[in-house]
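Structure at a glance
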Amino acid sequence: MIESSDRTPLPRTFFDRPVLEVAPDLLGRTLVRLTDDGPIELRLTEVEAYAGEADPGSHAYRGRTARNAVMFGPPGHAYVYFTYGMWHCLNLVCGPEGAASGVLLRAGEVRVGQELARKRRLSARYDKELAKGPARLATALDVDRTLDGTDACAGPDSPLAVLTGDPVSADQVRTGPRTGVGGDGATQPWRFWIDDDPTVSPYRAHTPRRKRT
């Protein structure tokens, strides 16, 4: 079992910064999920930044709704959404309250609780695939809408937390367009990942939906 060298929880001030500062700074950090069956921990290897109402790719672009309300709240909380009628995705709110910016957690290396993650990710052939993509990450960590609004800075008893872990140096960070984002937000290089890490998900450009005839 591999554990990160620094087990210090990240404070709220870490998340209370511009999203384009927080997102790459999350790489290498340790995400902890306390489940009923035990803890699962992963090292974050890929993330995407979303800049709230200023970002056409963000769920908050058109303002506050019941679905995205957490994004408008204080930083350091989890925003969990359900997509395509089958998958959940986990985000961390950042920036000042009301900014509605957040970081989508796209991929990571499961380092603690692999056996628990494997039970939820039966289709994964190798451990490097357990959390390779945002829906897979949420599935492996047993994340669903019940965790929406969870305070990741609340302390050791919180079901979600982020530890200092082993942050990567700037020369290890790569950046490019966000996966699956179209329109005016398609070209912004707001996806960040650790160079040559095998758990990083493949890039897929946005594919417009075909209109029914």
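Structural data are supplied above this passage.
In every chain, residue numbers begin from 1 and rise along the written sequence. Only residues with pLDDT of 70 or above have their local features reported here, since the model is predicted, and side-chain atom pairs are shown and tallied only from 80 upward, although totals for entire chains, interfaces and linings are computed over all residues. By convention in this description, side-chain values take in all heavy atoms of the structure and omit both hydrogens and water.

Our focus in this paragraph is the state of the cysteines. By disulfide we mean two sulfur atoms from cysteines, separated by a distance within 2.5 Å. Inspection of every chain in the model, using the stated rule, returns 0 disulfides. Here Cys 89 stays unpaired: no disulfide links it, and the sulfur of Cys 94, its closest cysteine neighbor, is 16 Å away. As a non-bridged cysteine, Cys 94 has Cys 153 as the owner of its nearest cysteine sulfur, 11 Å distant. Judged by relative accessible area, Cys 94 falls into the buried class, the value being 1%. Type-normalised accessible area, obtained with a 1.4 Å probe on protein chains alone, sets the label of each residue: buried when under 20%, exposed when over 50%, and partly exposed for intermediate values.

A few words now on the environment of Ala 51. Strands are runs of DSSP state E lasting at least 2 residues, helices are runs of H or I lasting at least 4, and numbering of each runs from the N terminus. Residue position: Ala 51 is located in the loop between strand S2 (38-50) and strand S3 (78-83). In this structure, the C-alpha to C-alpha distance between Ala 51 and Thr 187, residues 136 residues apart in sequence, is 14 Å. We call two residues contacting when some pair of their heavy atoms lies within 4.5 Å. If we skip the residues at most four places from it in the chain, Ala 51 touches Val 19, Ser 101 and Trp 190.

What follows deals with the nonpolar core. Take the buried Ala, Val, Leu, Ile, Met, Phe, Trp, Tyr and Cys residues and link them wherever side-chain atoms come within 4.5 Å; each set so joined is a nonpolar core. The biggest cluster of nonpolar side chains holds 41 residues, and the ones touching the most others in it are Phe 15, Leu 26, Leu 31, Leu 90, Val 103, Leu 105 and Leu 137. If one sorts the elements of this core by residue count, S2 sits on top with 5 residues. Not counting chain neighbours up to four residues away, the residues in contact with Phe 15 comprise Leu 10, Val 22, Leu 26, Pro 75, Gly 76, Leu 92, Val 93, Cys 94, Gly 95, Cys 153 and Val 162. Counting residues in each nonpolar core, the second largest holds 12 residues, with Phe 72, Tyr 81, Leu 104 and Val 181 among its members.

Looking at the secondary structure, you find Thr 164 in the loop between strand S6 (160-163) and strand S7 (173-176). Once residues within four sequence positions are removed from consideration, Thr 164 is found in contact with Asp 6, Thr 8, Leu 10, Gly 28 and Arg 29.

Another aspect to go through is the pattern of salt bridges. What counts as a salt bridge is simple: a side-chain nitrogen of Lys or Arg found within 4 Å of a carboxyl oxygen of Asp or Glu. If you walk through the whole model with that rule in mind, you get 17 salt bridges. Here Arg 106 ties to Glu 46 by a salt bridge, and the two come within 3.0 Å at their closest N and O atoms. One end of the pair, Arg 106, is in strand S5 (residues 101-112); the other, Glu 46, is in strand S2, and 60 residues separate them in sequence. For the pair formed by Arg 106 and Glu 46, the shared burial category is buried. A salt bridge links Arg 111 to Glu 109, with the shortest nitrogen-to-oxygen separation between them at 3.3 Å. Take Glu 109: its relative accessible area is 25%, and that puts it in the partly exposed class.

Keep in mind these numbers describe shape, not what the thing actually does.
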